Amino acid sequence: MFGGFFDKLKSGLSKTRDTLTDKMNEVFNLAVTIDEDLYEELEEILITSDIGVDTSVEIIERLRKVIRDEKVNDPKEVKPCLKRVIVDMINEGVEEEGEETYPKAMLIIGVNGVGKTTSIGKIASQYKNHGKHVILAAADTFRAGAIDQLEVWANRSGVDIIKHNEGADPGAVVFDAISSFKAKKGDVLICDTAGRLHNKKNLMNELGKINKIIDRELQGVKKETLLVLDGTTGQNAVIQAKQFMEVCPIDGIVLTKLDGTAKGGVVISIKQELHIPVKYIGVGEGIDDLQKFDAKSFAEALF
């Protein structure tokens with residue numbers, strides 16, 4: 001993660017950091033011994049930083065073990081131990097990503113308003129900048145303006161887009177996009193989808209149909225389903241992810257709008273509760289303000 005983005009990440013997480021660090025420093029400065037009260041106060045701070053109850057309890061349990069095992073007695077030594085516990089948790093089970101293989105198909109899902117279309121545009125732009133031939137499928141045919149919005153991003157990123165009229169069959173759009181993708185020997189196919197979670201059965205049928213078309217028409221091509229979540233919604237993002245997980249398998253999370261929210265702790269919660277890797281994080285409006293997630297940089301920016 002290059003310097004400029006790390007600085008943006010650091011400033012984007014400033015509200016989360018202030019919530020965590022200021023309150024913790026206050027607790028550590030007043031603490032005389034490492035006792036039950038100290039653990040309870042730390043747990044409360046973690047919960048109010050939107051890390052979530054279950055994850056906060058788990059962090060404190062691990063912290064107790066570290067302090068016990070390492071025979072830590074000074075309350076001022078607790079903070080570095082806590083940081084280490086959180087860093088370890090974010091890194092847990094994260095595998096080094098190998099070389100990407102092409103061609104590949106990406107299915108982007110998420111409710112309306114989370115920054116789904118914008119994220120697609122930014123991801124498309126990154127692949128284009130790496131010399132890849134990208135085709136977008138405008139398969140969110142239900143929302144007024146979704147097709148137009150995606151087209152603006154396609155033009156901005158300089159990538160191809162396959163679209164039908166509003167209200168068209170999303171499966172037909174994906175089928176046409178795949179035909180174009182194969183004919184033009186594309187590298188990356190990115191499919192936008194409708195985000196109507198209030199009607200789960202329809203959404204499930206629709207995503208099932210799109211997945212079937214991709215599997216049938218692009219046999220042997222790597223497929224990745226990414227769920228876009230709005231970082232400002234904190235624990236609601238975790239609930240939303242659980243609902244989507246009932247509808248279809250998810251390979252990774254795109255977490256948007258982390259700048260200017262005090263709820264950045266939700267990254268730890270997503271990792272711990274859902275066991276799905278955060279693949280991208282967004283900290284601004286610019287086309288380069290969505291980057292691949294790096295656990296170490298995130299933890300450093302958080303503290």
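Residues numbered from 1 in each chain as written. Predicted model: local features only at pLDDT ≥ 70, side-chain atom pairs only at ≥ 80, totals over all residues. Heavy atoms only, no water.

The name that an unreviewed UniProt entry assigns to the protein chain is Signal recognition particle receptor FtsY, with the source organism given as Clostridium cadaveris. Under Function (unreviewed entry), UniProt gives the following word-for-word description of the protein chain: "Involved in targeting and insertion of nascent membrane proteins into the cytoplasmic membrane. Acts as a receptor for the complex formed by the signal recognition particle (SRP) and the ribosome-nascent chain (RNC)." (UniProt positions renumbered as here; feature names shortened; annotations may be inferred.)

Secondary structure summary: the protein chain contains 12 helices and 8 strands in total. Here the C-alpha radius of gyration of the protein chain, 21 Å, is about what a compact globule of 303 residues would show, namely 19 Å. Its C-alpha atoms give the protein chain principal-axis dimensions of about 70 × 40 × 35 Å. Every one of the 303 residues in the protein chain was classed for burial, and the buried ones make up 52%. Computing the positive centroid from 40 side-chain charges and the negative centroid from 49, the protein chain places the two 5 Å apart. (Helix = DSSP H or I, 4+ residues; strand = E, 2+ residues; numbered from the N terminus. Rg over C-alpha atoms; globule rule 2.2 N^0.38 Å. Buried < 20%, exposed > 50% of the residue type's maximum accessible area, 1.4 Å probe, protein only. Lys, Arg positive; Asp, Glu negative; His and termini not counted. Charge placed at Lys NZ, Arg CZ, Asp CG, Glu CD.)

Listed under "domain: SRP54-type proteins GTP-binding" (unreviewed entry) in the UniProt record, and renumbered for this structure, are residues 277-290. This span, residues 277-290, is 0% helix and 43% strand, and a straight line between its end C-alpha atoms measures 16 Å.

It is worth spelling out the pattern of salt bridges at this point. Inspection of the entire model under this criterion finds 20 salt bridges. For Asp69, the salt bridge is made with Lys65, and the minimal N-O distance between the two is 2.7 Å. Of this pair, Asp69 and Lys65 both sit in helix 4 (residues 53-69), 4 residues apart, roughly one helical turn. Judged by relative accessible area, which is 45%, Lys65 ranks as partly exposed. (Salt bridge = Lys/Arg side-chain N within 4 Å of Asp/Glu carboxyl O.)

Time to look at the packing of helix 2 (residues 14-30) against helix 5 (residues 78-91). Packing of helix 2 against helix 5 brings their axes to within 11 Å, and their N-to-C directions diverge by 140 degrees. Classed by the angle they form, the pair helix 2 and helix 5 counts as oblique. Contacts between helix 2 and helix 5 involve Thr21, Met24, Asn25 and Phe28 from the former and Val78, Lys79 and Leu82 from the latter. Per-class residue counts for the contact of helix 2 with helix 5 are 4 nonpolar, 2 polar and 1 charged. (Axes fitted to C-alpha atoms, helices over the stretch in contact; angles between N-to-C directions. Parallel < 35°, antiparallel > 145°, perpendicular 65-115°, else oblique. Contact = heavy atoms within 4.5 Å. Nonpolar A, V, L, I, M, F, W, Y, C, P; charged D, E, K, R; others polar.)

Taken residue by residue, helix 3 (residues 36-51) has Leu38, Tyr39, Leu42, Ile45, Leu46, Ser49, Asp50 and Ile51 as its buried positions. Down the axis of helix 3, the buried side of the element spans an arc of 130 degrees, and every buried residue falls inside it. Check the buried side of helix 3 and you find it contacts helix 2, helix 4, helix 5, helix 10 (235-247) and helix 11 (266-274). Directly beyond the C-terminal end of helix 3, a positive phi value near 90 degrees is found at Gly52. (Arc of directions from axis to C-beta.)

Along the chain, Asp230 falls in strand 5 (residues 222-230). Side chain to side chain, Asp230 and Lys257 meet in a polar contact 3.4 Å long. Those residues in contact with Asp230 that sit more than four places away from it in its chain are Gly113, Val114, Ala237, Leu255, Thr256 and Lys257. (Polar contact = N/O pair within 3.5 Å; in protein donor to acceptor, adjacent residues only side chain to side chain.)

Sheet architecture is open: 8 strands sit in the order 3-2-4-1-5-6-7-8, paired in mixed fashion. If you trace the sheet from one side to the other, it starts and ends with strand 3 (160-162) and strand 8 (290-292), each paired once. Sheet twist, expressed as the mean angle between neighbouring strand axes with direction ignored, is 25 degrees. Bridging between strand 2 (residues 134-138) and strand 3 involves 3 bridges; their strand directions are parallel. Its bridge partner lying in strand 3, Leu136 is registered against Ile161. Each of strand 1 (104-109), strand 2, strand 4 (188-192), strand 5, strand 6 (252-256), strand 7 (278-282) and strand 8 touches helix 6 (residues 116-129); the most contacted strand, strand 4, lies at about 175 degrees to it. Here helix 10 sits on the sheet and contacts strand 1 and strand 5; the angle it forms with strand 5, its principal contact strand, is near 145 degrees. (Pairing = 2+ DSSP bridges.)

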